[in-house]
Amino acid sequence: MSILSFEFLLLAAGTLIIYYVLPIGVRWLALLGGSAFFVIMAGWQSIIHLTGIAAVTWLGGLLLERLEKKKMWLCAFLALELGAMLWVKYDAASVTVLGLSYVTFQSAGFLIDVYRGKVKAQKNPLKIWLFTGYFLQLAQGPISSWKELGDQLLTGHCLEPVSFVSGFSLMLWGYFKKMVLADRLAAATEILVGDISDFPGWILILCVILYIIRLYGDFSGGMDVVRGISRMLGIELPLNFLRPFFSLSVAEYWRRWHITLGGWFRSYLMYPLTASRAGLKLGKFASRFLGKKTGRVLPTALATFLVFLLIGIWHSFSWNAVIYGAYFGLLMAISILLDPLWRKQNRRWKLNEKKWISPLRMVRTWILIIPAQFFAFTESTSKSLGVLKQCFVNWDFSNAFGQLTGIMPEWEWMIAWLAFLAVLLVDLFCEIGFDPCKKLAKARIWVRWPVLLALLLTILVFGIYGPSGDSSAFLYTQF
Amino acid sequence: MTDQKTERRKELGFFWMRLAGFCILAGLVIAYATYVLTPKYDYGICSMVNFYDQPENSMDVLAVGTSLAYAGINTNVLWSEYGIAAYNLCSAEQPYWVSYYVIREALKTQKPKVILLDAKPSIYTRDYSKRGRTILSTYGIRGMENRIGAMLACVEKTEDAVGYILGLPQVHSNYKNVKRSDFAFPLDNGGRSSNWKGYIEVDAVEHHQKPSLVWTSTRRNMNEREEAYARKIFELCAQEEIEVMLVGFPNPDYASDHMYYNALWAVAQEYGIGEMNYNNPDLKFGLRYSSDFADWQHLNVKGSMTFSRKLGEDLKKIYDLPDRRRDEAYVSYELCAQEWYKKYPSFVSSGIREGE
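Predicted model, so just to flag it, every value in this text is computed and none were measured.

### Focus on the interface of chain B and chain A
So, step 1. Between chain B and chain A, the residue contacts involve 20 residues of the former and 17 residues of the latter.
So, step 2. Tallying contributions element by element places helix H1 (residues 2-37) of chain B first for the side of chain B that touches chain A, with 10 residues.

### Notes on the sheet that holds strand S2 (residues 86-90) of chain B
Residue and element names in this part refer to chain B.
So, step 1. The parallel open sheet is built from 5 strands, whose spatial order is S2-S1-S3-S4-S5. The open sheet terminates on both sides in strands that have one partner only, identified here as S2 and strand S5 (274-277). Shown here is a sheet whose adjacent strand axes are inclined to one another by a mean of 25 degrees, direction ignored.
So, step 2. Two elements, strand S4 (residues 243-248) and S5, share 4 bridges in a ladder whose sense is parallel. Each residue of the ladder has a partner; that of Leu 246, found in S5, is Glu 275.

### Here we look at helix H15 (residues 319-337) of chain A
Residue and element names in this part refer to chain A.
So, step 1. For H15, built from 19 residues, the straight-helix expectation of 27 Å at 1.5 Å per residue is met to within 8% by its first-to-last C-alpha distance of 26 Å.
So, step 2. Taken as a whole, H15 has its buried residues at Asn 320, Ala 321, Tyr 324, Gly 325, Tyr 327, Phe 328, Gly 329, Leu 331, Met 332 and Ala 333.
So, step 3. For H15, the secondary structure elements touched by its buried residues are helix H11 (250-256), helix H14 (292-315), helix H17 (357-373) and helix H18 (381-390).

### Observations concerning the packing of helix H9 (residues 161-189) of chain A against helix H10 (residues 201-232) of chain A
Residues and elements named next belong to chain A.
So, step 1. One can describe the packing of H9 onto H10 by two numbers: an axis separation of 7 Å at closest approach and a directional angle of 155 degrees. Our classification of the angle between H9 and H10 gives roughly antiparallel. The interaxial crossing formed by H9 with H10 has left-handed handedness.
So, step 2. Classifying every residue of the contact of H9 with H10 by side-chain character gives 19 nonpolar, 10 polar and 7 charged.

### Notes on the environment of B:Asn251
Residue and element names in this part refer to chain B.
So, step 1. Note that Asn 251 resides in the loop between S4 and helix H11 (258-270).
So, step 2. Overall, Asn 251 belongs to the buried group, with 23 C-beta atoms counted inside 10 Å.
So, step 3. Separated by 40 residues in the primary sequence, Asn 251 and Pro 211 place their C-alpha atoms 8.0 Å from one another.
So, step 4. Those residues in contact with Asn 251 that lie beyond four places of it in its chain are Leu 68 and Gln 297.

Reading the values: the criteria
- Residues numbered from 1 in each chain as written.
- Chains lettered and ligands numbered in written order.
- Predicted model: local features only at pLDDT ≥ 70, side-chain atom pairs only at ≥ 80, totals over all residues.
- Contact = placed C-beta atoms within 7 Å.
- Helix = DSSP H or I, 4+ residues; strand = E, 2+ residues; numbered from the N terminus.
- Pairing = 2+ DSSP bridges.
- Axes fitted to C-alpha atoms, helices over the stretch in contact; angles between N-to-C directions.
- Expected span 1.5 Å × (residues − 1).
- Buried ≥ 20, exposed ≤ 12 C-beta atoms within 10 Å, placed from the backbone.
- Parallel < 35°, antiparallel > 145°, perpendicular 65-115°, else oblique.
- Left-handed = near helix turned anticlockwise from the far one by under 90°.
- Nonpolar A, V, L, I, M, F, W, Y, C, P; charged D, E, K, R; others polar.

Below you can see the structure in the form of structure tokens.
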């Protein structure tokens, strides 16, 4: 069931009503019922997978608190969960499972947290099932830890009108980003995977940039929808996107893009690697030959490279994904290694005090990010290289308007750009600390209602959905 | 503590009231947006919308069917030359599953003596309706049970009908074609007055030849759903004691239709229903294939006049249809005919003077 479907809206509305009708102590049962319905609708493969993972997580948590040789048991449980994910993802092509890696990462994170003593195991398996399969984050995340989500799910929330309206606004905004912006750009970006021989280079570069905008609208829009509905239930899901267009460096971009995935890898892979015996030994060893400063950051740089390589492979088991991950890993590792040098230069030229430097840094960041996107829209390396090569030939602007309207009608371009400007403007407001959703929730009724109605109408009229539009599935549901 | 509780209850009460108010307002806004975005051109919606403006029990003949019927049956000729009060309730490529619900809706306010049912749907092979045609043939129906019934009949899966029932999912992308007049309420029938009786003229001339075919009685099976709904129509009309006459409209492309029509005649015979096939080569009534067609299927204005004269003559012969021309209750037919003849002065009626 897609979160764009009418059925999903009915399910969300039904869950909301039942949630607030039930006594506060058992309100989590409404979430459990909603989630169970969502998973059942996804098919038996999802039911088996999710229940299996929840069972391992529940049992694993309880055993990890009681058994000796915790590390060994933890490895065994993680091997079970991650093994199932790898098997489904890379081997069993016919098996389609809802929220495969999101479910796995979240459950694995819980087991590691129990092992570390950060959270307690849960005796009630239904509570673990709900944590693993909470329907609003099942399709494409975010990946939450028990501390972030577990208690929120199980504690009944009272209806807070301001949060409810703020959540509703956020949900509408998410639908706007997905249906008006991202899905509108789908037609233009799809040309990248087709025959590109007739397109001039500038169109292809434009389409790659549009692909980034589409991906952002698609993924962050979906996140806003589920965060918005959760907020209406009184549950605050962790942020997954923090206006990545304003990133001043690649490192910052990754702190703003798919935050919970990066956070998971940092918490459960990168930090343990750098703090491991091998990591510390490597640091000492490198200090002898490369100097103290470099030696200290080398394990972090290598661990970062490895993490990004894995993030790349997580996207797909292809050379393009390896290139994508390795490219960012390399950039990040270099920036970590050169960090002392950058700091020195910044201090020397007082760059941080200069206002004009921020826009330049944003441009630099995007110049570094865009090349990686050539390997993101397809799994075929030859296709990516073909597009890349075509970008440098045939820069013919003689029929620019015709070329543009050839890939998307004039009207659609206009709506797409207006929608993008709206997204940029709202992100800009948020960047300076003005959250429109929260402000709107507190605004007077004669401001709030017209804005919400206008947003609702814009989505319903200009959104891509229904038989005439054929809205696209979320790009990140496949993971 | 009690104060806090009361305050909280008050706050929640206000919230639920505001929420309900917002939902009602949103519903109204969405309904109006759907109205604005719904295509309002002639080929189905207008005649249905206009139907509701007709006085109750003011139709003796009701024509139901496809574009061949709305372009062919010139209600102005039937009125001015024979005093027949006829209304054309047709839409482009209307299948029998839509005709069935259209007739059910029409019978709520009208009790025609005869229903002229277009034979053309017997040749349609599709099991379900195309999107555009579904919108055209169902969006004018106001009665929810018949509107939803028709929509459900048009789609293969029940869930596909949700978009049609809600309206906006089907018509929202029409924003590119919205004109200022689309915002006007109520609907203006495409610039016509409510006297209009559903005849849609096609004012063009295309040269054709009379179809050459062997006039056999060989049948070719109709689509099963078309046949099932044709039977439902026959049963409904029998139950309501309304005569049905199947009409084969003249068209240059008839050769490929003939065997399907034969199958329909056979089904109709089971219910004692007759047919009038104006493609019969033995039938001579002055129709010229070289000048009376607008395209490969539809009669043009001149053709519709020639054809309707013959149709009126036959209807008068077969049924006891009263001449309503001097009846005050039927003045809208007179006004409609006068308006139409004013628009087409070169097509002089032989009978309009007679009625005055």
